[in-house]
Amino acid sequence: MTDSRPGSILVLSDSLAYYGPEGGLPADDERIWPNIAAEAVGERAELFGRIGWTTRDVWWALTQDPRIWAAVPHARVVVLAIGGMDTLPSPLPTALREQIRYLRPAPLRQAVRTAYQWVQPRLSPLGWPVALPPAVTVDYLEKIRGALAMVRPDLPVILCLSPTHRSPYYGHVHTGRAPATAAARRWAAEHDVPTVDFYPPTAAHFADFDSGAPAEQSIAADHNPDGIHWGFGCHRDVAEVTIAGLRSVLGIGAGVSTTGAVRGDDPLR
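Residues numbered from 1 in each chain as written. Predicted model: local features only at pLDDT ≥ 70, side-chain atom pairs only at ≥ 80, totals over all residues. Heavy atoms only, no water.

**Q** Explain the pairing of strand E5 (residues 75-81) here, please?
**A** Looking down a regular strand, the side chains alternate between one sheet face and the other. Taken across its seven residues, E5 has six buried, putting it largely inside the fold. Both strand E1 (residues 8-14) and E5 contribute to a ladder of six bridges, which runs parallel. Residue pairing in the sheet places Ser8 in a bridge with Ala75 of E5. As paired elements, E5 and strand E6 (residues 157-161) share three bridges and run parallel to each other. Within the sheet, the bridge partner assigned to Leu80 lies in E6 and is Leu159. (Buried < 20%, exposed > 50% of the residue type's maximum accessible area, 1.4 Å probe, protein only. Helix = DSSP H or I, 4+ residues; strand = E, 2+ residues; numbered from the N terminus. Pairing = 2+ DSSP bridges.)

Have a look at this one:
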């Protein structure tokens, strides 16, 4: 959310930060994990993200979006909740998918998009190539860290390690996560960047996900039918992991009272 008050948790993410069981939500929705986590440590979230963003896209946003430039001076910590898209199988070039929107006329664009959507899940079981190789992901992470350090050398950064998915659109395959996570851990250790791990809460969330269930049934069970995005229960669990990292970085002890991390009025709780 955008707010002129000083002090914030600056979150750079993909759509996992703001999608719920039925689709995208406004950045100030109280049920998404950035806002739950920020409120729990007595701060507010400044969320910047877009569906499909890889680490490379976040780097481009950091260097091109003046809204982010305005948010950096007021941030108490930056949370890099990125890299999940990097790990997804992309047997067809990512550049091909990104250029489909520019095709004309409209019938040609739709035909190419339909063909892409047919081929993608059928080739995904190959597990290779991924959207961004681990070495490239780490390169962009370092660009992001370095740029932030140039402007705010005092600004701490937290890296969120990649979550998982159970999406039929990617053939239920996620072999790229483990090597990407290992590379991210090494980079974080080299630069003293603390990490929080999104894999355990998301793996638990998808453990009972049925990709063949009707959409209405999935939503009722607090799942997004696409098998990528999360229900609100998973948002709360991811927030709890993030809160632990924020407390450590901000020097908030476990015994210090802060705003409640999980809202009791959530009907899906």
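**Q** In this structure, what is going on with the packing of helix H6 (residues 134-151) against helix H7 (residues 177-190)? I would like to understand it.
**A** The axes of two packed helices give the description: the angle between them and the distance between them. As a packed pair, H6 and H7 sit with axes 9 Å apart at the nearest point and diverge in direction by 35°. The hand of the H6/H7 crossing is right-handed. In contact with Pro134, Val138, Leu141, Glu142 and Arg145 of H6, H7 contributes Pro179, Ala180, Ala183, Ala184 and Trp187. (Axes fitted to C-alpha atoms, helices over the stretch in contact; angles between N-to-C directions. Left-handed = near helix turned anticlockwise from the far one by under 90°. Contact = heavy atoms within 4.5 Å.)

**Q** Is there a simple way to explain the side chain of His174 in this structure?
**A** With respect to the helices and strands, His174 occurs in the loop between E6 and H7. Of note is the side chain of His174, whose polar atom sits 2.6 Å from the side chain of Thr87. With residues up to four places along the chain from it excluded, the contact list for His174 reads Thr87, Leu88, Pro163, Thr164 and His165. (Polar contact = N/O pair within 3.5 Å; in protein donor to acceptor, adjacent residues only side chain to side chain.)

**Q** When you look at the pattern of salt bridges in this model, what are you seeing that I'm missing?
**A** It is possible for side chains bearing opposite charge to pair when their charged atoms get close. A full pass over the atoms with the stated rule returns seven salt bridges. Here Arg67 and Asp65 are joined by a salt bridge, their closest N and O atoms 2.6 Å apart. Taking relative accessible area as the criterion, Arg67 reaches 53% and is therefore assigned exposed. Of the charged contacts, one joins Arg185 and Asp197 as a salt bridge, the two residues approaching to 3.3 Å between their closest N and O atoms. Within this pair, whereas Arg185 is found in helix H7, its partner Asp197 is found in strand E7 (residues 195-197), the two being separated by twelve residues in sequence. (Salt bridge = Lys/Arg side-chain N within 4 Å of Asp/Glu carboxyl O.)

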